[in-house]
Amino acid sequence: ADSHHCQPTCTRYALAITEATMPKKEAPPPRPWTDDLEADLQRILTVGEECISAKELQSLILSKGRGTPDDGPRIRLYDGFEPSGRMHIAQGLLKSVNVNKCTADGTHSTFCFWVADWFALMNDKMGGDLQKIVIVGKYLIEVWKAAGMDLSNVEFRWASEEITDNAHIYWPIMLDVARRFNVTRIKKCCQIMGRLEGNLTAAQVLYPLMQCTDVFFLKADICQLGVDQRKVNMLAREYCDAAKKKYKPVILSHHMLYGLKKGQEKMSKSDPDSAIFMEDTVEDVRRKITKAYCPTAEEGGAAAGEEEKTTAESGDAGKESMHLTEDTLKNPILDYVQHIVMSPPGATFTCATCTAPEGHTYDKYEAVKEDFLAGNITPDQLKEGLIESLNTLLQPVRDHFTNDETAKGLLEQVREFKREAAPVASGDEAPKVFRLDLVKEGVVQPNSHLVMTPLPSSTPTMQSAADILTKLKAADADTPKVLLLRDWTALVNNALDADVKLIPAYHAILLSTLRALDIHLHGEDDAIMKNVTIVLQSEAILKDPSNYWISVINAGRHFQLDTVMGGMKDADCVGKVIGRLMMIGDVLGVNPESIALEMENDGDVNISNAMANMNLGDDSASSPSSQSVVATLIEEFYSVKLSHPSLQSILPLPTITHNTCSPNLALQQPRESIAHKQEIDEYFLTDDPKVNGKSKMKKAFCEPGNIDFCPPIALLTYFGGLDSGSSGSGSGAGKGVTISRSPENGGDVTYTSKSQVEADFESGALHPGDLKGCTSTIMVEVLTKTSEAIKKDGSAAKGVKALKAWEKKMSKQKKK
């Protein structure tokens, strides 16, 4: 698995992002705006309580709508639904009306339904049985057919198939979306989960990112979802700005029906009496509507204030965003009349009135509301008229499931699923674990030692290479070793601006120089890298993307967002949260015996407060205050979610160590901040041996007698093979280094250990100039070997040029 293996998946990523975000072809010269086009525009606008924007919708109709070539691009609208077993009347009847309006004959449009069966599987609907979930999905399609939805211009895309078959496209888009937004912005979208910002799991910031991804994956021109989805749909438009995508999706947000009970801003599938459902009987409809809330006048003052207080206490997030038009009455019966009964073009509503007891037919909703508020229609009369109308609309659905054998069979199966009691897991039964299994896939060996590469940078450091070799060396010689190149984690963390050429370039340079340094330190026979399995993260994930991402999402569902963030700020990129969850998925996939992790330096190493309520058990490897956030998350996940005895034998908690033995190869004392770092502060893997080998050492910190921090001694020890007394030194420890000195300075002297050098330097017997001279010679030798290795590797050689060009570009931008 050489560095050139990094290229294929990154190329696919580049194609995925290019296809999803590249500006669409320029529209042809403007066509004349006709009466038919105006009729299409006005009809489609009636679907939404809000349209962002009508002008863009008009342009879309001109470029793709009525009158454009039949084989040309069509207007694409999308909505999604999770097959959860029940369909309320808005999803059934109102959606059918809206789809028919948007895809009316000649409109040249297609309505795409995103059947979220994969998400239903993830949420353990139907006992986590995908076959049952698909049957429920087919049943719901039959409901729409019976409700009058014209399916001739409708397509159903099943997420389980699409996401799995096109994982190389879908997930890179999601990673690209995540890298472009901070936590604050994504929290604003979390109303779609009905959660307040302070009560979010980490997975709940992932859902809006995925929903935003759906828009571009499905190539939707119009997002035709409910008002409650408005914030995440707006995120898709903001993503277009960030990704420099010319054409933004039009947001056409339909009305959210009130729940039938007082104070219910929307219907709830968990409360059967909050709505009419498509399978409701005649008697169900009468009972629910008869009991429904039906005010004749606005209720304000204390009552309204108390309702708002109740809403806040219950955690009903984003209630103010459920409706965009002001409605001080909030009468669900009138709401049904307007948006269900009278929504289809030409529809009427009939009910008895005080002046027409035998019944009066209305063709305008405004007239119904006016008569009701004036007292000419009583609540009972309004309800009775609605009962008759709803049963008339629902009867074709009932008949279809009675007379159509296919529909009847689906309904019987769905009813059987509902009758089946959900299996109650006993204490002896192990929970089902979704995960990528790279041992089973033949990618890695069992019981391995896992090391992960750092996030790529334009200046790969000698320190990073030394750290990796030290981590790999920490395991026993006979233990299989895995080096994971985290290319997708790099993308979501916006490393190197998520440039799909630079990330593999960095990895190519890293691998070439690691091998060269390995041989320099340990010799050909004892080289560590020749027995290391190199795994490119993206290629590994694509072995079984569905199980991998379910494992990531399940990890996110377990942890509160604040816990995963640790010391992060809301202004930080949300991609970092995703990256941390991915690391749990990576560990589950490799299932290693041990892991060597980095200490994180973003201010969140000490997370004892965030983890105070976590029970890590007595066997945790180390305390939260002494390790990285990710290490603590891994231990917590294993101790709680994988604690069943049968799972512990299959997925034991790996031993987690941090890079405490690696030598410090810095050339200068620590700067006040990273912004003050300079090129002379350390050696880079791409340094020119002739230019940088001696010049950097000449400027290195080397205070006479100071052995607490002496870069020349540290570098001499590590690369010269001196015995340091720890595993962090080169494995040629004790082979001896001779420092050349003039006779008047004591003549040449040979050292075999770090302690000998320190003793002479501290006493003044070894002059800084002599020490630096010897170390410079060794560093020129080391850099020559790494430089030659890079030149021999075509990908690495090109990578150096690419990274330096990018660094130069960034430097110019900073100056501006």
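What you see is a predicted model, and the numbers here were worked out from it, not measured in a lab.

Comments concerning the overall build of the chain
Okay, so step 1: The secondary structure content of the chain amounts to 31 helices and 15 strands.
Okay, so step 2: Counting every position in the chain, which comprises 816 residues, the buried fraction comes to 54%.

A few points about the sheet that holds strand S2 (residues 75-81)
Okay, so step 1: What the six strands build is an open sheet, ordered S1-S6-S5-S2-S3-S4; its pairing is mixed. The open sheet has two free edges, formed respectively by strand S1 (50-52) and strand S4 (154-158), since each of these has just one partner strand.
Okay, so step 2: Where S1 lies against strand S6 (residues 250-253), three bridges are found, and the strand directions are antiparallel. Bridge assignment links cysteine 51 to a residue of S6, and that residue is leucine 252.
Okay, so step 3: Contacts from helix H11 (residues 230-242) reach S1, strand S5 (222-223) and S6 within the one sheet, and its direction differs from that of S6 by about 170°.

Let's talk about the side chain of serine 448
Okay, so step 1: Along the chain, serine 448 falls in the loop between helix H17 (405-419) and strand S9 (449-452).
Okay, so step 2: Not counting the four nearest positions on each side in its chain, serine 448 is found in contact with Thr479, Pro480, Val482, Val590, Pro592, Glu593 and Ser594.

Observations concerning the packing of helix H8 (residues 167-179) against helix H10 (residues 206-217)
Okay, so step 1: Relative to each other, H8 and H10 sit at 120°, their axes nearing to 9 Å. Judged by the angle between their axes, H8 and H10 are oblique. Here the hand of the crossing between H8 and H10 comes out right-handed. Every residue of H10 that contacts H8 at Ile169, Tyr170, Trp171, Ile173, Met174, Val177 and Ala178 is listed here: Leu206, Leu209, Met210, Cys212, Thr213, Asp214, Phe216 and Phe217.
Okay, so step 2: In terms of residue class, the contact of H8 with H10 is built from 13 nonpolar, one polar and one charged.

As for the packing of aromatic side chains
Okay, so step 1: Inspection of the entire model under this criterion finds 16 aromatic pairs.
Okay, so step 2: For the pair phenylalanine 111 and phenylalanine 113, a centre-to-centre distance of 5.0 Å together with 35° between the ring planes defines the contact as tilted. The residues phenylalanine 111 and phenylalanine 113 share a single accessibility class, namely buried.
Okay, so step 3: Seen from their ring centres, tyrosine 548 and tryptophan 549 are 5.2 Å apart, and the 90° between their planes marks the pair as edge-to-face.
Okay, so step 4: Three or more aromatic residues link up through ring pairs in this structure, and these residues are Trp114, Trp118, Tyr170, Trp171, Phe217, Tyr548 and Trp549.

Considerations on unusual backbone geometry
Okay, so step 1: Look at the link from isoleucine 52 to serine 53: it is a cis peptide, with omega at -5°.
Okay, so step 2: With respect to the secondary-structure elements, serine 53 resides in the loop between S1 and helix H3 (54-64).
Okay, so step 3: Even without being glycine, lysine 330 reaches a positive phi, approximately 55°.
Okay, so step 4: Inspection of the secondary structure puts lysine 330 in the loop between helix H13 (302-314) and helix H14 (332-341).
Okay, so step 5: Accessibility expressed as a relative area gives 33% for lysine 330, which makes it partly exposed.
Okay, so step 6: Residue aspartate 497 is not a glycine yet carries a positive backbone phi of 60°.
Okay, so step 7: Here aspartate 497 lies in the loop between helix H19 (487-492) and helix H20 (502-522).

Remarks on the pattern of salt bridges
Okay, so step 1: Scanning the entire structure with this criterion turns up 30 salt bridges.
Okay, so step 2: Of the charged contacts, one joins aspartate 176 and arginine 179 as a salt bridge, the two residues approaching to 2.8 Å between their closest N and O atoms. With aspartate 176 and arginine 179 both in helix H8, this residue pair falls three residues apart, about one helical turn. As far as the burial class goes, aspartate 176 and arginine 179 line up, both buried.
Okay, so step 3: One network of salt bridges, in which partners are shared, links Arg76, Glu155, Arg157 and Glu162.

Comments concerning empty space enclosed by the protein
Okay, so step 1: Going through the model one piece at a time under the given rule, you end up with four cavities of 30 Å³ or more.
Okay, so step 2: As a volume, the largest cavity reaches approximately 50 Å³.
Okay, so step 3: Forming the boundary of the largest cavity are Leu436, Leu438, Leu484, Gln537, Ala540, Ile541, Tyr548, Gly585, Asp586, Gly589 and Val590.
Okay, so step 4: Elements supplying a minimum of two residues to the lining of the largest cavity: helix H21 (537-541) and helix H24 (575-590).
Okay, so step 5: When residues in the lining of the largest cavity are grouped by element, the largest group, four residues, is from H24.
Okay, so step 6: In terms of residue class, the lining of the largest cavity is built from seven nonpolar, three polar and one charged.

Overview of the confidence of the model for the chain
Okay, so step 1: Taken over all residues, the pLDDT of the chain has a mean of 87, while the share at 70 or more is 86%.
Okay, so step 2: Low pLDDT, under 50, characterises residues 301-318; the predicted model gives this stretch 14 contacts beyond four residues in sequence or across chains.

Observations concerning the sheet that holds strand S11 (residues 532-536)
Okay, so step 1: Taking strand neighbours across the sheet as the criterion, the five strands line up as S11-S10-S9-S12-S13 in an open arrangement whose pairing is parallel. Every other strand in the sheet has two partners, leaving S11 and strand S13 (655-658) as the edge strands with one partner each. Within this sheet the neighbouring strands show an average axis-to-axis angle of 25°, counted without direction.
Okay, so step 2: Pairing analysis gives three bridges linking S9 to strand S12 (residues 594-597), with the strands arranged parallel. The residue of S12 that forms the bridge with leucine 450 is isoleucine 595.
Okay, so step 3: Along the sheet, H20 contacts strand S10 (481-485) and S11; its crossing angle with S10, the most-contacted strand, is approximately 150°.

Some remarks on the nonpolar core
Buried together is how nonpolar side chains tend to be arranged in soluble globular proteins.
Okay, so step 1: Ranked by internal contacts, the top residues of the largest apolar core, which has 177 residues, are Trp118, Phe119, Trp171, Tyr336, Leu382, Trp549 and Met582.
Okay, so step 2: With residues near it in sequence (within four places) discarded, tryptophan 118 still touches Ala159, Ser160, Ile163, Trp171, Met210, Ser546, Trp549, Ile550 and Ile553.
Okay, so step 3: By size, the runner-up hydrophobic cluster in this structure holds 58 residues, among which are Leu502, Phe761, Val782 and Met810.

Describing helix H25 (residues 629-641)
Okay, so step 1: With 13 residues, H25 ought to run about 18 Å at 1.5 Å a step, and its terminal C-alpha atoms sit 18 Å apart, in line with that.
Okay, so step 2: Most of H25 is tucked away, with ten of its 13 residues classed as buried.
Okay, so step 3: Considered for burial, the residues of H25 that qualify are Val629, Val630, Ala631, Thr632, Leu633, Ile634, Glu635, Glu636, Phe637 and Tyr638.
Okay, so step 4: The elements touched by buried residues of H25 are helix H22 (545-558), helix H23 (561-565), H24, S12 and S13.

Let's talk about the packing of H10 against H22
Okay, so step 1: Running from amino to carboxyl end, H10 crosses H22 at an angle of 140°, the nearest separation of the two axes being 11 Å. When H10 is examined against H22, the residues Leu206, Tyr207 and Met210 are found in contact with a partner set consisting of Val552, Ile553 and Arg557.
Okay, so step 2: Class assignment for the residues of the contact of H10 with H22 results in five nonpolar, no polar and one charged.

Analysis parameters
- Residues numbered from 1 in each chain as written.
- Predicted model: local features only at pLDDT ≥ 70, side-chain atom pairs only at ≥ 80, totals over all residues.
- Heavy atoms only, no water.
- Helix = DSSP H or I, 4+ residues; strand = E, 2+ residues; numbered from the N terminus.
- Buried < 20%, exposed > 50% of the residue type's maximum accessible area, 1.4 Å probe, protein only.
- Pairing = 2+ DSSP bridges.
- Contact = heavy atoms within 4.5 Å.
- Axes fitted to C-alpha atoms, helices over the stretch in contact; angles between N-to-C directions.
- Parallel < 35°, antiparallel > 145°, perpendicular 65-115°, else oblique.
- Left-handed = near helix turned anticlockwise from the far one by under 90°.
- Nonpolar A, V, L, I, M, F, W, Y, C, P; charged D, E, K, R; others polar.
- Phe/Tyr/Trp six-rings, centres within 6.5 Å; stacked < 30°, edge-to-face > 60°.
- Salt bridge = Lys/Arg side-chain N within 4 Å of Asp/Glu carboxyl O.
- 1 Å grid on protein atoms, 1.4 Å probe; cavity = no way out; pocket = protein on both sides within 12 Å on 5 of 7 lines; lining within 4 Å.
- Points joined across faces, edges and corners; volume = space filled by probe spheres on them.
- pLDDT = per-residue confidence, 0-100.
- Core = buried A, V, L, I, M, F, W, Y, C linked by side-chain atoms within 4.5 Å.
- Expected span 1.5 Å × (residues − 1).

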